[in-house]
Amino acid sequence: VQLQAFGGGLVQAGGSLRLSCAASGRTFSSYVMGWFRQAPGKEREFVAYINWNGGSTYYADSVKGRFTISRDNGKKTVYLQMNGLKPEDTAVYYCAASRVLITAIYGYDFWGQGTQVTVSS
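Residues numbered from 1 in each chain as written. Predicted model: local features only at pLDDT ≥ 70, side-chain atom pairs only at ≥ 80, totals over all residues. Heavy atoms only, no water.

## Examining the overall build of the protein chain
The criterion, for reference: Under the DSSP-based scheme used, a helix requires at least four consecutive residues in state H or I and a strand at least two consecutive residues in state E, with every element numbered from the N terminus. It is over C-alpha atoms that the radius of gyration is taken, and the globule rule equals 2.2 Å times the number of residues to the power 0.38. Burial status follows relative accessibility: with a 1.4 Å probe on protein chains alone, a residue under 20% of its type maximum counts as buried, one over 50% as exposed, and anything between as partly exposed. Should any heavy atoms of two residues lie within 4.5 Å, those residues are counted as being in contact.
Summing up its helical and strand segments, the protein chain has zero helices and eleven strands in all. Ordered by position in the sequence, the α and β elements of the protein chain form the string β-β-β-β-β-β-β-β-β-β-β. Relative to the 2.2 N^0.38 estimate, which gives 14 Å for 121 residues, the radius of gyration of the protein chain is 13 Å and therefore close to what a compact globule would have. Within the span of the protein chain, comprising 121 residues, buried residues form 45% of the whole. In the protein chain, of all internal contacts separated by at least 6 residues, the share reaching a separation of at least 24 is 57%.

Okay, here's the thing in structure tokens:
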């Protein structure tokens, strides 16, 4: 499956953005979809995942209560709604696809190209 993330941009602290990740291929609904992020000089870190039918989600503690992951299998798209953004949320955000429910980077087989999110204070 090929993934393309978009929707990033520059936003003030406290603002909102919605990221989208569009997938190609016929098997989108068979994948767990995750979002990760990588800030300058830091390692890539897990943000959230959603299971195959959207019935189960999991978030990193740092974004819990502020970010919401969702998916539309008919549109082959996964979303990340980000509210209450903080400067520390500044990073390149990546979507990824996995066969299993996992937060570890090594568990994801396919990756999008990333979209930059910058939060100004």
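There is more to say, and it comes next.
## Some points on the side chain of Thr77
To be explicit about the condition: Between N or O atoms, a polar contact is any pair within 3.5 Å; within protein, one atom must be a potential hydrogen donor and the other a potential acceptor, and residues adjacent in sequence are included only when both atoms are from side chains.
Secondary-structure assignment places Thr77 in strand β8 (residues 77–82). A polar side-chain atom of Thr77 sits 2.9 Å from the main-chain carbonyl oxygen of Lys75. In contact with Thr77, not counting residues within four places along its chain, are Ser20, Cys21, Ala22, Phe28, Ser70, Arg71 and Asp72.

## Observations regarding the environment of Pro87
One can find Pro87 in the loop between β8 and β9 (91–98). For the pair formed by Pro87 and Arg99, sequence separation is twelve residues and the distance between their alpha carbons is 32 Å. When near neighbours in sequence (up to four residues on either side) are disregarded, Pro87 contacts Ala13, Val119 and Ser121.

## Structural notes on unusual backbone geometry
Glycine aside, the phi torsion of most residues is negative, and most peptide linkages are trans. Residues other than glycine seldom take positive phi values, yet Lys76 does so here, at roughly 55°. Here Lys76 is to be found in the loop between β7 (67–72) and β8.

## Focus on the nonpolar core
Rule in force here: In plain words, nonpolar cores are sets of buried Ala, Val, Leu, Ile, Met, Phe, Trp, Tyr and Cys residues tied together by side-chain atoms within 4.5 Å.
Formed by 38 residues in total, the largest nonpolar core has its most connected members in Met33, Trp35, Leu80, Met82 and Tyr93. If you list the elements that add at least two residues to this core, you get β1 (2–6), β3 (17–24), β4 (32–38), β5 (45–50), β7, β8, β9 and β11 (115–120). Contacts of Leu80, omitting those with residues within four sequence positions, involve Leu17, Arg18, Leu19, Trp35, Val47, Ala48, Phe67, Thr68, Ile69 and Tyr93.

## Remarks on the packing of aromatic side chains
In plain terms, the rule: Side-chain rings of Phe, Tyr and Trp (the six-membered ring for Trp) are treated as a pair once their centres are within 6.5 Å; stacked means planes under 30 degrees apart, edge-to-face means over 60, and tilted covers the remaining angles. Geometrically, a lysine NZ or arginine CZ counts as sitting over a ring once it is within 6 Å of the ring centre and also within 35 degrees of the ring normal.
Across all of its chains, the model carries nine aromatic pairs by this definition. Grouped by ring-pair contacts, the aromatic residues Phe36, Phe46, Tyr49, Tyr58, Tyr94, Tyr108 and Trp111 constitute a single cluster. Above the plane of the ring of Tyr94 lies Arg44, whose end atom (NZ or CZ) is 3.7 Å from the centre. Between the NZ or CZ atom of Arg44 and the centre of the ring of Trp111, over which it lies, the distance is 4.9 Å.

## As for the sheet that holds β3
Convention followed: Should DSSP find at least two bridges between two strands, the strands are taken to pair. Only the contacting stretch of a helix is used when fitting its axis, a line to C-alpha atoms as for every element, and angles between N-to-C directions run 0 to 180 degrees.
An order of β1-β3-β8-β7 is seen for the four strands of this open sheet, with the pairing classed as antiparallel. Two strands close off the open sheet at either side, each with one partner strand: β1 and β7. Strand-to-strand, the axes of this sheet are offset by a mean angle of 15°, without reference to chain direction. In this sheet, β3 lies alongside β1 in antiparallel orientation, the contact comprising five bridges. Across the sheet, Ala5 pairs through a bridge with Cys21, a residue of β3.

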